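Single-letter residue listing:
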Amino acid sequence: MRGVIIGLGLLTMTAACAPDASRMPESSYQWQQRQDRIEQDWRASQPAPQTTPAPKDKP
């Protein structure tokens, strides 16, 4: 029983120290990294453009 209590205490302490994923960045470097990641994710989700050959010029 004592081991369970110690285990729960350690788990609680570890969870309290873990960074919050929903927390906003604090430095300008972190903001830039966040914006770059958002842009990369957005570009990756966009469909590839359809390329069609240019029409031939008539003589």
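Above this note sits the structure.
Conventions we followed
Residues numbered from 1 in each chain as written. Predicted model: local features only at pLDDT ≥ 70, side-chain atom pairs only at ≥ 80, totals over all residues. Heavy atoms only, no water. Helix = DSSP H or I, 4+ residues; strand = E, 2+ residues; numbered from the N terminus. Buried < 20%, exposed > 50% of the residue type's maximum accessible area, 1.4 Å probe, protein only. Salt bridge = Lys/Arg side-chain N within 4 Å of Asp/Glu carboxyl O. Patch = residues over 30% accessible without salt bridge, like charges linked within 9 Å, V, L, I, M, F, W, Y side chains within 5 Å. Areas by Shrake-Rupley, 256 points an atom, 1.4 Å probe, with all protein chains shown as cover.

> What exactly am I supposed to notice about the overall build of the chain here?
Within the chain one finds two helices and zero strands. In the chain, which comprises 59 residues, the proportion classed as buried is 2%.

> Please clarify how the pattern of salt bridges should be interpreted in this entry.
If charged atoms from side chains of opposite charge come close, those side chains can pair. Enumeration over the complete set of coordinates arrives at one salt bridge. In this structure, the salt-bridge partner of Glu39 is Arg43, at a minimum N-O distance of 2.8 Å. Separated by four residues within a single helix, Glu39 and Arg43 lie in helix H2 (residues 28-45), roughly one turn from each other. Classification of Glu39 by relative accessible area gives partly exposed; the value is 37%. Residue class for Arg43 comes out exposed when judged on its relative accessible area of 52%.

> Mind showing me how you'd approach a nonpolar patch on the surface here?
A grouping of Val4, Leu8 and Leu11 is seen on the molecular surface, where their side chains present a nonpolar patch of about 300 Å² in accessible area. Looking at the element boundaries, Val4 is found in helix H1 (residues 2-17).

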